[in-house]
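Per-entry structural report
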2 protein chains.
Amino acid sequence: MMEKYVYLFDEGNKDMKNLLGGKGANLAEMTNMGLPVPYGLTVTTEACNLYFKENNLLNENVQKQILKAVKAVEEKTGKILGSIDNPLLLSVRSGSPISMPGMMDTILNLGLNDEIVLALSKDEESKRFIYDSYRRLIMMFADVVKGKGKDEFEDYLMRYKEKKGVKSDLELSADDMAFIAHAFKKIYKKLVRENFPSEPLLQLMQAITAVFRSWNNERAKVYRQMNNISDNLGTAVNIQEMVYGNLSSSSLTGVIFSRNPANGTDELYGEYLVKAQGEDIVAGVRTPFPIKKLAIEKPKIYQELKGYSKLLEKHYRDMQDMEFTVENDKLYMLQTRCGKRTPSAALKIAVDMVKESLIDEKEALMRLNPDDINLILHKSFDPKVLANKKVLTKGLPASPGAVFGKICFNVDDVKMAYDKKIPTILVREETSPEDIEAMKYADGILTVRGGMTSHAAVVARGIGKCCISGCENVTIDEEKKIMFIDGLKFTGESYLSLDGTSGNVYEGVIETTDFSLTDEFSIMLQWAKKYKRLEVRANADLAKDADLALSFGADGIGLCRTEHMFFEKNKILAIRKMIIASSEKERTDALSSLLEMQTKDFEELFKVSNGKVLTIRYLDPPLHEFLPKTDEEVAELAKSLKVNVEDVYQKIDSLKEFNPMMGLRGCRLSIVYPEIAVMQTTAIFKAASKVLRHGIAVKPELMIPLVGDVNELNYLKKIIEDVALKLNKNNSISYKIGTMIEVPRSVIQADKIAKEADFFSFGTNDLTQMTFGFSRDDAGTFINSYYDKGILKFDPFKTIDKEGVGKLMMVAVKLAKLANDKIELGVCGEHGGDASSIKFFNKLGIDYVSCSPYRVPSAILAAAKAAICEESI
Amino acid sequence: MMEKYVYLFDEGNKDMKNLLGGKGANLAEMTNMGLPVPYGLTVTTEACNLYFKENNLLNENVQKQILKAVKAVEEKTGKILGSIDNPLLLSVRSGSPISMPGMMDTILNLGLNDEIVLALSKDEESKRFIYDSYRRLIMMFADVVKGKGKDEFEDYLMRYKEKKGVKSDLELSADDMAFIAHAFKKIYKKLVRENFPSEPLLQLMQAITAVFRSWNNERAKVYRQMNNISDNLGTAVNIQEMVYGNLSSSSLTGVIFSRNPANGTDELYGEYLVKAQGEDIVAGVRTPFPIKKLAIEKPKIYQELKGYSKLLEKHYRDMQDMEFTVENDKLYMLQTRCGKRTPSAALKIAVDMVKESLIDEKEALMRLNPDDINLILHKSFDPKVLANKKVLTKGLPASPGAVFGKICFNVDDVKMAYDKKIPTILVREETSPEDIEAMKYADGILTVRGGMTSHAAVVARGIGKCCISGCENVTIDEEKKIMFIDGLKFTGESYLSLDGTSGNVYEGVIETTDFSLTDEFSIMLQWAKKYKRLEVRANADLAKDADLALSFGADGIGLCRTEHMFFEKNKILAIRKMIIASSEKERTDALSSLLEMQTKDFEELFKVSNGKVLTIRYLDPPLHEFLPKTDEEVAELAKSLKVNVEDVYQKIDSLKEFNPMMGLRGCRLSIVYPEIAVMQTTAIFKAASKVLRHGIAVKPELMIPLVGDVNELNYLKKIIEDVALKLNKNNSISYKIGTMIEVPRSVIQADKIAKEADFFSFGTNDLTQMTFGFSRDDAGTFINSYYDKGILKFDPFKTIDKEGVGKLMMVAVKLAKLANDKIELGVCGEHGGDASSIKFFNKLGIDYVSCSPYRVPSAILAAAKAAICEESI
């Protein structure tokens, strides 16, 4: 049987996304549900792939199937493509299996030519309308199909209007439009070096192949790369009878969401433009009306729309993002899809839908993106600070969050600042697909034009960036890199703060503060904890961080980096004294003051942990990290230690290493200076005893970093056990001794080490460094080349490298479990908070992950999703 | 049956070394061969281990067996232990399974007490002799058995002689000796707080346990650690009837070798002292006569000795080191063992013995130590330079070689200089076992006293150190750290040069030059090449190094580090230009001048390689290694490049890395700057074509360093193949493309990488660094602690870490061979020249090793030994 490359709308359904694209599948679904959808056909993604396979030629068989389907559309609509009396006009739109908003090109009004236009010009109004449509087709065709851009056409239009002394297109007459259309044909010929094709079928075939080709344009490629979408999916093409939201003043076009995509409230949400085409809304040409206004202006249509919205939401069991058009008071549904939403809206919608019994808890969890949940936690300004701040201007709260940043007018400035770790606000008249890269690197986005569903708003919500759109009393000169807000001038040196939740814009920097947990958040966490298998612990060095992490639901503290305790002023002095010590006596003195301070810190931590695990890592970083950097600091240290400045410099010099990452650090420190391990162990047991005496349970896990050989562990274990013998005589404190697995040798030796360890904690940061031989601090010099050249597809410091580091972990887990079936296995690297990595760890049989406090909720969610996924296999 | 812990000499044989120790087994063997050996018994090593196991108590059963054996000795000798009329006197000596010269303690004259001494004092001469023996026994007993040292005794003796106004012991009378013996008894009582035991059996039991305990003294432990000898072997104790080389003027004692241990010549070699005990020779108290003199003095005894020497050598099929004593013109053989020899003697003896059909080629190879062979290659002074140098003084050529170094008087100074990489000459009155550590770290050894078989000479030959002994017109003040040679004063700041082959001592530094290959050396290499399986290639960056390596028998060049070519003045400027280049054009210009130079270098290398493999590694080190270091150099560079000094500094700064070992280097360089790879590939193919046109075959292997992912290899492979497409159109140059395996990730990905590579070369240096997480440059700060604390037993940068790095290599080899059965596998790290590592690589199925030119012969030998070993399993 011949393969089917073309489907009529009533031949498909919503589950055929891979073949028909998301848009096509949903158009088919809506058609079959009986909704008013302009009839049409979909050319499949396989036809697209065939097109590329056959060297950008449209296969003859595909052409035949298209022609046959067009015939069917003609029959259904009673209109004929190319007919002068009753012409079928078509829209041609791309639709890939995964939604790529704004990425692909669209052609409207296809089917027009000189003869048809002439025939349709029945009166002044229809003539004006049809020539306007015609000149748009010519321009779009030149742009999208022939790749010549719109500039010359738009320039011409602008000059024409200037000549006529009019400002808006609306002031142009029917004759003007006819004149312009003919002028556009001339421009077309000049640019393309051939006549505009008057044959509608030719237009159609060329438009289809243009859509195919647009699959591989730069913007589409960037978007796919950003979103990890395969290049092999291909795009489908949807060909649909035209309906006109711009036909008359009783025509309009709009975009609605079945729930509020910004905050998740269950209300019809959206906006519309009267006498406009859908593209006008997305492009943000005019600022549209809120959908509520339609309830007053056209209550019947509003009710019908609302009914479809609820129907589609129930049918799809998810919040829908729909496009509609009203042509002469008749409503048409043009598209439905699952709507993008902000992280907090996603959370609320998921939780609400469980309440409404639309979905179950597991599905609710599966719909939430752990990375997004993560975003919720950071973004808000301190209300007290805000109270004293003047609102500079206000736009639409397109994507929530609170950010501050330096003003940037283009992608280069954004990237330059990004590289210097300077936060940025991208300000644009309106954003276009070309701006995606800049939006990716910017911290916030501010646009002058466009509504809640403009390009900027959609993309910003999609990538969780704070965005304010439609900020109309802002003017921008992108060339000169200046902007004015109510007459106030801002340059590329100025800072703005955006509140994406209110739409308020502030001058200067407003620091963001912690957020407060919503009910939905807590409910989601409860569900996630119910379904997850992995323990989620937190990396917390100070009691306040531990407290925060536990309030976020952490099961314990998986990594307390004791060195971070030393960075407070009086402590750093003590540790510097220890390092600089020239005699055993001086060193012991310095250590005894450190002992006192560490004991106190551990006490606090044990109290906060309140019976939960507290994993304490022994001193890890190279000693020179503690030494002063500037001349002033050196002088200060010398003075306070009553030593010569020269001596301090000499000590600093003597601690310099060629490759500190592989130098005197980790357990090596405590092996060279066992007195450090003695001090730290003493502090742990003293603190634990004291807290225990206060009736608070303690569960210390003592962790030795950077072990590569079991002898290292045994040497320090002996020290710990000797101290415990004195300070834990009655064994009232039950403790574990474990090691980090972070150098490749410890993987190979995992069986031997496991026999001596109560637990392993994979230090995936260092393990990634050593496995790749990449210094995380230096990789910047080549890593971009690696991405550009397709050598690396992802950042192995963010997501675990399953093929390399992950395989080493598998080896270690296997060896460790064989040697010691009671061993506890954890991960405390950066990857412990990364959803995709957590999924991998879950499969690997790891017992816990540990991550920074703010990542705990997202890690809990990721762990739950991993467990649900595994269970369903 | 009760275990046998004691063997009479006629109950054992030479194969019972583990039980009887080397000395005991050989005494038994000689006894059974009918040689004149004073009769005795051996207490086994198992008795020693039992002694330690039973908390340093001598087992009752062992005691009983000793008593029984002593009875047998009494019967055989007709003498009785403790008898006043006919006393049996004994020597008690240790003897472990592996020879540990000077390590263990000895007690002589055991069995004497006041009564016996009195009874044996028949006349002045016998009285003098027996009291001398008695006072020696008391002193030795206090020292060895009771651990009180000899100092007080020797001080007393010295003061006594001063009082008497005599210089030598020989001038003391019988009464003096009796007086001294009694005084020694008093000193003994004072030190030990008990009387000297007069009961001979008690003396014997205490002496035996003292020998056991000496197994665990510090010197013995250090020696075992140095030589990788197990602590569990234990020592046997040999108890033997005393014979006296110091009894009369027709008594003497000596040490002989069946061949010359310094150069291997087949001649009776050794020395003797008249009227002396064996210990006097070893301790170097007097300078002995050469053995040739005995042929004149006592021709009959000389002939008898020579006969035994040949007999034993034939019997043992190896060069023997024998001790003998003549008591009143009767010859006794006291010991035989395989003699230590210098590396060049070992080589000559092995080759000669094959000619003599004593051993076969394989056994000859198995007897040679690759590390020693290595030593032969470095050591000689340029004869032209020597011709103009005045010989300062001359000593005995105790261990050959040519070295220069700073004068050091003790172990601390030697070690301090060693750490600073300053070569040293250890100068000592005489060396003792306490000096072993200093000898290990010193480059050469000079002693004032002692012969060719003194402690210093034996140890130096054993560890292959250059040594001149018996340099009698040297005086040393070890305390003040000054020495005089013929009145000339030298301090710890002075340098000496020693020629261990001639015994000549020179003032100042004489640089050593290359050696010339002897016939034996060539023969050995031929044999080794016949039996080895591994190819041995050389690491050579310049044509002259490659030439040397090939003359040493290298099978090709396994590693040409192209960056080393850049360090010449005009080249470094070109590469600096490339690095500093601010535009594409500048970079291309710089590269084109580099291209010309590299092409020439490769031409030379191809010519020298003459059809053998030439493995060229692409640019590897971080770029900043090429940049100037000093302000002057920066200024010079800026000037020559006509750029601002500031710009140069800025560039240097921008290239600084936190961990350069894991930064922008290896293949990452060519991925970021593909033009470098293009240049290098072009140079290779241009050079190869040119050389090929001259009729010389070429075999380039192009090697990509630091690959961790197959995409890296593929990216650069594409560049190479594109260049080859242009420059190797007719495929006249057959080349291979391979990669280094040096980051752990490449091990895990070895299967994928192997599919794209013609060869792998393990870069074991980097692989060791990454696997351990040790920076080779920084490990010095902790590695000594690791050795001291027993955490590391060996230097993993010298000998492959079989348990860690080795296991990773096994994984890579397995994956690679499964994926690509044609793949060629090599090792080009430091370990490629290390014998123990080579043995491991041979077993692993590696195809070749590559090492520095001077290590090629020893690697060939090691490869042969590895193959012979494997074959015999």
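For clarity, every value in this text was computed on a predicted model and none was experimentally measured. (Residues numbered from 1 in each chain as written. Chains lettered and ligands numbered in written order. Predicted model: local features only at pLDDT ≥ 70, side-chain atom pairs only at ≥ 80, totals over all residues. Heavy atoms only, no water.)

This next bit is on the side chain of A:Ser399. Counting through the fold element by element, A:Ser399 comes out in strand E12 (residues 396-399). In this view, A:Ser399 contacts A:Thr342, A:Ala460, A:Arg461, A:Lys465, A:Cys466, A:Cys467 and A:Gly500; residues no more than four positions away in its chain are not counted. (Helix = DSSP H or I, 4+ residues; strand = E, 2+ residues; numbered from the N terminus. Contact = heavy atoms within 4.5 Å.)

Moving on, we come to the sheet that holds strand E17 (residues 474-477) of chain B. Across a sheet, paired strands are connected by hydrogen bonds in the backbone, their directions being either parallel or antiparallel. All names here are of chain B. Pairing is antiparallel across the open sheet formed by 3 strands, whose spatial order is E17-E18-E19. Edge strands, defined here as strands with exactly one partner in the open sheet, are E17 and strand E19 (488-491). Adjacent strand axes in the sheet meet at a mean angle of 20° when their direction is disregarded. (Pairing = 2+ DSSP bridges. Axes fitted to C-alpha atoms, helices over the stretch in contact; angles between N-to-C directions.)

What follows is about the environment of A:Phe484. Residue and element names in this part refer to chain A. Position of phenylalanine 484 relative to the elements: it lies in strand E18 (residues 482-485). Under the relative-accessibility criterion, phenylalanine 484 is labelled partly exposed at 29%. Along the sequence, phenylalanine 484 and valine 474 sit 10 residues apart, while their C-alpha atoms lie 5.7 Å from each other. Not counting residues within four places of it along the chain, the set of residues in contact with phenylalanine 484 comprises Asn473, Val474, Thr475 and Lys489. (Buried < 20%, exposed > 50% of the residue type's maximum accessible area, 1.4 Å probe, protein only.)

All names here are of chain B. The buried fraction of strand E3 (residues 90-95) amounts to 6 of the 6 residues, a majority that puts the element mostly inside the structure. Bridge analysis of E3 against strand E4 (residues 106-110) gives 3 bridges, and the strand direction is antiparallel. Residue leucine 90 lies in a different strand from E4, and its bridge partner there is leucine 110. Two elements, E3 and strand E5 (residues 236-241), share 6 bridges in a ladder whose sense is antiparallel. The residue bridging valine 92 from the neighbouring strand is isoleucine 239, located in E5.

For the rest of this paragraph, the subject is the pattern of salt bridges. Residue and element names in this part refer to chain A. Taken as a whole and judged by the stated rule, the model has 124 salt bridges over all chains. Of the charged contacts in the structure, one is a salt bridge between lysine 607 and glutamate 604, with a shortest N-O distance of 3.9 Å. Of the two residues, lysine 607 and glutamate 604 are both situated in helix H23 (residues 584-609); the distance of 3 residues between them amounts to about one turn of the helix. Each member of the salt-bridge network shares a partner with another, and the members are Asp132, Arg135, Arg136, Lys161 and Asp169. (Salt bridge = Lys/Arg side-chain N within 4 Å of Asp/Glu carboxyl O.)

What follows is about the interface of chain B and chain A. Every contact between the two is made by 44 residues of chain B and, on the other side, 44 residues of chain A. Both sides of the chain B and chain A interface together cover about 4100 Å² of buried area, and 57% of this is carbon and sulfur. Considering only the surface of chain B that becomes buried against chain A, B:Met662, B:Arg745 and B:Ile791 emerge as the three largest contributors, covering 16% of it. Counting every contact that joins chain B to chain A gives 4 salt bridges. Residue B:Lys752 pairs with A:Glu803 through a salt bridge whose shortest N-O separation is 2.8 Å. At the boundary of chain B with chain A, the tally comes to 30 residue pairs in polar contact (both at pLDDT 80 or more). Where the side of chain B that touches chain A is concerned, the elements lending two or more residues are helix H26 (667-672), helix H28 (710-727), helix H29 (744-748), helix H31 (764-772), helix H32 (780-788) and helix H33 (805-819) of chain B. Along the lines of polarity and charge, the residues of the side of chain B that touches chain A split into 20 nonpolar, 12 polar and 12 charged. (Buried area = accessible area lost by both parts, 1.4 Å probe. Polar contact = N/O pair within 3.5 Å; in protein donor to acceptor, adjacent residues only side chain to side chain. Nonpolar A, V, L, I, M, F, W, Y, C, P; charged D, E, K, R; others polar.)

Before going further, it helps to examine the pairing of strand E23 (residues 556-561) of chain B. All names here are of chain B. Most of E23 sits inside the fold, with 5 of its 6 residues counted as buried. Pairing of strand E22 (residues 535-539) with E23 involves 2 bridges; the strand directions are parallel. In the strand pairing of E23, asparagine 539 is matched with leucine 559. Of the pairings in the sheet, the one linking E23 to strand E24 (residues 613-617) comprises 4 bridges and is parallel in character.

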